[in-house]
Amino acid sequence: MSNFALNFADPAFWYSVLRVSTPLLFAVMAALVSSVAGSINIGIEGMMLMAAFWGNVIGAFARNPWVGLLAGVASAVAMALLLAFSHLKLRVNLVIAGVALNLFASGFTVFMLFALTGEKGTSASLGAQPIPRLDIPLLRNVPFLGKVLNNHNALTYIALISVFVVDYLIRKTPLGMRMRAVGENPDAATSVGVSVLRIRYLSLVLSGLFAGLAGVFLSMGYVSWFARDMTNGRGFIALAAQALGGKSAILGALGALLFGIAEATGFTLQSLRIPSEITNMIPFILTLIVLVIYARTRVKSHSRIQEI
Amino acid sequence: MKAVETINVTKVYPNGVVANRNVNFSVEVGEIHAVVGENGAGKTTLMKILFGMEKPTSGEIRIFGKPVQLNSPHDAIALGVGMVHQHFMLVPSFTVAENIMLGIEPRKGLFSLDFKRMEQTITEYAKKMNFELPIWEKVMDLPVGVKQRVEIMKALIRGAKILILDEPSSVLTPQEVNELFAVLRNLSKQGITIIFITHKLNEVKQIADRITIMREGRVVGTFKNEELTESQIVELMIGRKFEYDISKSEHVAGEPLLVVRNLNYFREDRAHVLKNVSFVLRAGEILAIAGLEGNGQKELVEILTGLRERASGEVLVDGKNVLGLRPWELRRLGISHIPEDRIEVGSALSMSVAENMVSDRYDRPPFSGRIVYRKKNVIEFAQKLIAEYSVKVRSPTTLMRMLSGGNMQKVVVARELTNAPRIVIANQPTHGIDVASSEFIRKKLLQMRDSGKGVLLISTDLQEVLQISDRILVLYKGEIVAHLRNENLNETELGFYMLGTKRQSDEELKELLNV
Amino acid sequence: MKKSLAFLEISRMIITILIALLIGYIFLLFSTKNVSEALKWFLYGPLSNQRRFVEFLNNSVPIMLTGLALSLVFQAQVFNIGAEGCLFFGGFGAMLVALKFPQIQLVHLIVTLFAAAVFGAAWAFVPAFLKVRWKASELVSSLMMNYIAYLLVLFLVNNYFRDKAAGALVSYRFPQTAWLATLTRYRLNSGFFIAVSAAILIGFLLYFTKYGYQIRVVGANKKFGFYSGINVGLTVFWVQLLAGALAGLAGGVELAAMYRRFVWQSLPGYGFDGIIVAILARNNPFLVIPSALFIAYLRVGANIMSRMTGLAPEVVVVIQSVMILLITAEALLDRFKKKLIEREAMRNE
């Protein structure tokens, strides 16, 4: 037991937290950007998966991880456009469209994996290069925090920065104001000539961008291969984490870190011989708890009809 | 020059309703032009077309003489058209400044919002237009009259030369209406064209230069204000000399059906919305609760019908306190509810008329056995009701969403009045529907009263209240300030109570529980 | 006009299927030189011999049941997609009872299948309860329960019920009294008849009983349902439990008939297929029968193609997702619908 408690004083643990939180940070930003404008992006899971696949594979073929990154993000954005088109133009129910796209991504990536590599498990045979880590001289000699913050994958730093970028976007830019208006009262936006359609398209595309970054990290930063369904529910966990934070990017990021802690704790528990199936359950159970807390702390209306 | 002109405009909605038929309409620059007609005549649709919110099925629109295609409000705004909607289109959590500036935000640098310049611009404009606005307050905290000014400012600041207002006075107190009219006259003097929709004919006579009358989607005619009297306008609106043909028999007070004692309610925002409300509803009478919107009626109805909780006090039916019971229990006790919102609450649009008619009794014979749902019986029953209530619909299996407002309401009323209720709570039962349906429903409520039921009528329509009620309670800021018998009633006096300028003494009100 | 609207719906369905198949065809073009061979196996494979035909029918069984589960919740406008987890947990329940319950002929089997349904319903309890009590999103909670079911059951089976004598990671064999019969030497799953009967029963429930009316009203407008006196919370709750039971039954039937052990090391995907089945069937339980058969046909066709040509069978998922999008696209053929309505309205002038 003391081993377990000591774990939290070890900077290596917190380093690991930041590392595993990276995809969630991006994914939460993806969830936030779309939900602020009123569309819940159920398809983040599928967009992440597509980005993970194409990032790794194109990166391998081009022998350049950055090209891979661009390809991965592009594929996620393409899926986001497809989602937006299906929902906004063809008027498919947003949840159904998201579910359909997730199914599509799941099958499509396995299909292409086999078609391009002949493997059905992972793309390790391609020998893709990962996105590099960054050693920041300033942080090298800082005690404790230095070990926690230094030597992360470049994408981790990008993730942390994007939290602040998204926060600024939403609160302090005209685009952010329009997105919030569209999310809260689309009629108000229409009445002043702001195109609700365009804002929603844009928000889904931005969402795809961040989902793409999340996916690319999975297959090019965390490990450097793609495996089927490697997103493992993170896209949905992000939705729950974002719900905690409401319109605040900072709070949403904290939610993501919370899950990162849960996952990293899982690793610690595994090293203490607790079976991996049980430790892997932690993030999902945590999501349930978060969901309940969020639901309970909402301001409850006295109107029974509203509360149904 | 004509500021606005429509030539043969027709609009058919996706559910089949023909809202505008070959409408030829025009407004001169700088005039104040009123568009009147009963509910469902097509006025709002026409305005929505002029503002680019709806596209006409056929016909031409000209703005300042030029034929135009309006694909969205964006296009209309660019051409100088602005609209103030009946239901405000504001973002509740945004400040006044943010609402006004949405879409034309001043920027600092490339990306940031320039809040300071927002403030400057709005203050300047407000001074020009001669009104004040609390710029940094959140819209959701503001009273209705101020919200409307925000809407007007929204239009003007975008350079609107044509201002369309949809039922602007429906949410204002008489004082606020006068303020609004002063603003409108001022704008008209500055050359801005004003078009407004209303069904309040006294206001039309007060301020309009010319009047266009619409009926059943067509334009009946356009006249100068001085050419018509109010009753002539009504005649043209209805198509015949219409007078409500409603006669009331003697009021015989029966036993108390519903006793409300010391009902108090604090809303989620801590506002003390209902203060010690007490009254008795007796068998064989129509008790009206009059008052301007926003004085607690909505919450009162929701509490009495089981749709809102956390109220304290007593609501007695047969001596039992039913406060806090849920709709199914209340219905079983014989309380029916005609809701204010027939679409969101009163019906299921995607189901058939027949299915809508039995939603409160589907689980009982003859509509269901122990397990089985007897569709045939439901349809038969619906057919009977459709005939009895003159619902204009092709068959009982037609989907509810295909019906017009008046017919939808008749379905709701049919359902609520035929489940052998003892108490009927009718909330704005004729709001937004055509006059013929309105008359029908009022007569039905009188029938309920004559057969010994108790009807609690909540209505902001004074004409309705005076026509059919036996007793009237006036609700002002959550309190009952007057209790009057509907005999030789002075409308002005009633108005004073509604405005809160007058109230009855506690002595007079004590009668309430003893009548 | 009703007839022309119906005609429009049917043509939409057909066009959708054709477009989806076309897209599948294009994918095949990109992944193999021998497209006609692949296509042949894909389109005719399930009909090519009796064994394959039976394989096709068998494949429809679990997804017919999960399709039923989902059509029920979708009718109530509840987005609980936890059928996968309920199926997994239901299969686990079936295994428990199969291995532990006294081996009485027939009774054992009935209790086994019943347990599968009960375990499935129990697993649906969590999202149902969270939704009704705290208005928590049933979409996210049911998805989480899918993952948790997978991990939990896998842990329990692999650590406490693993048959070490068998070659793979599977549970002990079920005793013969817990076997669901397979018919003929091609092993037609008799659960097929259970599934079809269930579809008819659920269809009857939905359209001919008062409980079904309740579910449909809640799905149409829950505010209206509440105001009319329907207990919306209870309805939303039970509909999810019933759906969970059906999904659990699917798991039990599949294990008791086809494998006679717990064999799954990953989520079999029947729960997600159920979503497509339900959508294709427009949430109508009666139509779930042909819908499940159609999806099963595509699946088995793809599998046969895969076995014969070595291509990955996942191309069928591409076809399915395209179909979902096209079928639920309200805007498709909307223009025609609008013109129809406009013409009709003008005619009445």
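Quick caveat: nothing in here was measured; it's all calculated off a predicted structure.

Calculation notes
Residues numbered from 1 in each chain as written. Chains lettered and ligands numbered in written order. Predicted model: local features only at pLDDT ≥ 70, side-chain atom pairs only at ≥ 80, totals over all residues. Helix = DSSP H or I, 4+ residues; strand = E, 2+ residues; numbered from the N terminus. Rg over C-alpha atoms; globule rule 2.2 N^0.38 Å. Contact = placed C-beta atoms within 7 Å. Buried ≥ 20, exposed ≤ 12 C-beta atoms within 10 Å, placed from the backbone. Axes fitted to C-alpha atoms, helices over the stretch in contact; angles between N-to-C directions. Left-handed = near helix turned anticlockwise from the far one by under 90°. Pairing = 2+ DSSP bridges. Nonpolar A, V, L, I, M, F, W, Y, C, P; charged D, E, K, R; others polar. Domains from an automatic or database assignment. pLDDT = per-residue confidence, 0-100.

(A) Main features of the overall build of chain B. From N to C terminus, chain B includes 17 helices and 22 strands. For 515 residues, the compact-globule formula gives about 24 Å, and the C-alpha radius of gyration of chain B, at 25 Å, lands near that figure. A separation threshold of at least 6 residues defines the contact pool for chain B, and within that pool the share at least 24 residues apart is 68%.

(B) Here's a closer look at the overall build of chain A. What chain A contains, in helices and strands, is 14 helices and 0 strands. Ordered by position in the sequence, the α and β elements of chain A form the string α-α-α-α-α-α-α-α-α-α-α-α-α-α. Here the C-alpha radius of gyration of chain A, 20 Å, is about what a compact globule of 308 residues would show, namely 19 Å. By its C-alpha atoms, chain A is 55 × 50 × 40 Å across when sized along the principal axes. Burial analysis of chain A (308 residues in total) assigns 55% to the buried set.

(C) Here's a closer look at the packing of helix H4 (residues 65-89) of chain A against helix H5 (residues 94-117) of chain A. All names here are of chain A. Between H4 and H5, the least distance of the axes is 9 Å, while the angle of their chain directions is 145°. Taken as a pair, H4 and H5 cross one another with a handedness that is right-handed. Contacts from Met 79, Leu 82, Leu 83, Ser 86 and His 87 of H4 reach H5 at Leu 94, Ala 97, Gly 98, Leu 101 and Ala 105.

(D) Spatial organisation of helix H11 (residues 270-280) of chain C. Residue and element names in this part refer to chain C. The element H11 is largely enclosed, with a buried count of 11 among its 11 residues. Within H11, burial applies to Tyr 270, Gly 271, Phe 272, Asp 273, Gly 274, Ile 275, Ile 276, Val 277, Ala 278, Ile 279 and Leu 280. Within two residues after H11, Arg 282 carries a phi angle of roughly 50°, on the positive side.

(E) Representation of the sheet that holds strand S12 (residues 218-224) of chain B. Residues and elements named next belong to chain B. A sheet is described by the order of its strands in space; here 6 strands give the open sequence S6-S9-S10-S3-S11-S12, paired in mixed fashion. The outermost strands of the open sheet, each flanked by one partner alone, are strand S6 (81-84) and S12. Mean inter-strand twist for the sheet, computed between neighbouring axes without regard to direction, equals 20°. Judged from the 4 bridges that link them, strand S3 (residues 32-36) and strand S10 (residues 193-197) form a sheet pairing that is parallel. Looking across to S10, one finds that Ala 34 is bridged to Phe 196. Strands S3, strand S9 (162-166) and S10 of the sheet are contacted by helix H6 (residues 174-189), whose axis makes an angle of about 145° with S10. Across the sheet, helix H8 (residues 230-238) touches S3, strand S11 (210-215) and S12, and the angle it forms with S11 is around 30°.

(F) Summary view of the pairing of strand S16 (residues 311-317) of chain B. All names here are of chain B. Taken together, the 5 bridges between strand S13 (residues 256-266) and S16 define a ladder with antiparallel strand orientation. Residue pairing in the sheet places Arg 261 in a bridge with Glu 314 of S16. By the bridge criterion, 2 bridges tie S16 to strand S17 (residues 320-321) in an arrangement that is antiparallel. When the bridges of S17 are listed, Val 317 appears paired with Lys 320. Turn length for the S16-S17 hairpin, with the two strands adjacent in sequence and antiparallel, is 2 residues, and the turn residue Asp 318 shows positive phi of about 55°.

(G) Layout of the interface of chain B and chain A. With 28 residues of chain B in contact, the opposing surface of chain A contributes 23 residues. The set of elements that each furnish at least two residues to the side of chain B that touches chain A consists of helix H2 (73-78) and strand S8 (112-113) of chain B. Ranked by the residues each element gives to the side of chain B that touches chain A, the list is headed by H2(B), at 3 residues. Split into classes, the residues belonging to the side of chain B that touches chain A amount to 12 nonpolar, 6 polar and 10 charged.

(H) The arrangement of the domain arrangement of chain B in detail. Residues and elements named next belong to chain B. Here the domain parsing of chain B yields domain 1 (2-238), domain 2 (256-334 + 421-513) and domain 3 (352-416). The C-alpha-based centres of domain 1 and domain 2 are spaced at 34 Å. Facing 7 residues of domain 1, the contacting portion of domain 2 comprises 7 residues. A breakdown of the residues in the side of domain 1 that touches domain 2 according to their chemical character gives 3 nonpolar, 3 polar and 1 charged.

(I) Molecular detail of the confidence of the model for chain B. Chain-level pLDDT for chain B is 89 on average; 98% of the residues reach the 70-or-more range. Reported for the predicted complex are a pTM of 0.87 and an ipTM of 0.87.

(J) Structural context of the packing of helix H5 (residues 107-134) of chain C against helix H10 (residues 232-259) of chain C. Residues and elements named next belong to chain C. For the pair H5 and H10, the least separation of the axes is 6 Å and the interaxial angle reads 145°. Helix-helix and strand crossings are classified by hand; for H5 and H10 the assignment is right-handed. Here the residues of the contact of H5 with H10 are counted per class, giving 21 nonpolar, 8 polar and 1 charged.

(K) Here's a closer look at the pairing of S10(B). Residue and element names in this part refer to chain B. Most of S10 sits inside the fold, with 5 of its 5 residues counted as buried. Burial along S10 is two-sided: Thr 193, Ile 195 and Ile 197 and Ile 194 and Phe 196, pointing in opposite directions, are all buried. Sheet analysis places S9 next to S10, joined by 5 bridges and oriented parallel. Counted as the bridge partner of Leu 165 is Phe 196 from S10.

(L) Main features of unusual backbone geometry. Looking along the chain, the bond that leaves B:Pro365 and enters B:Pro366 is cis, with omega of 0°. Checked against the element boundaries, B:Pro366 lands in the loop between helix H11 (353-357) and helix H12 (375-388). Although it is not a glycine, C:Arg187 adopts a positive phi angle of roughly 60°. Counting through the fold element by element, C:Arg187 comes out in the loop between strand S1 (182-183) and strand S2 (188-189). A count of 15 C-beta atoms within 10 Å places C:Arg187 in the partly exposed class.

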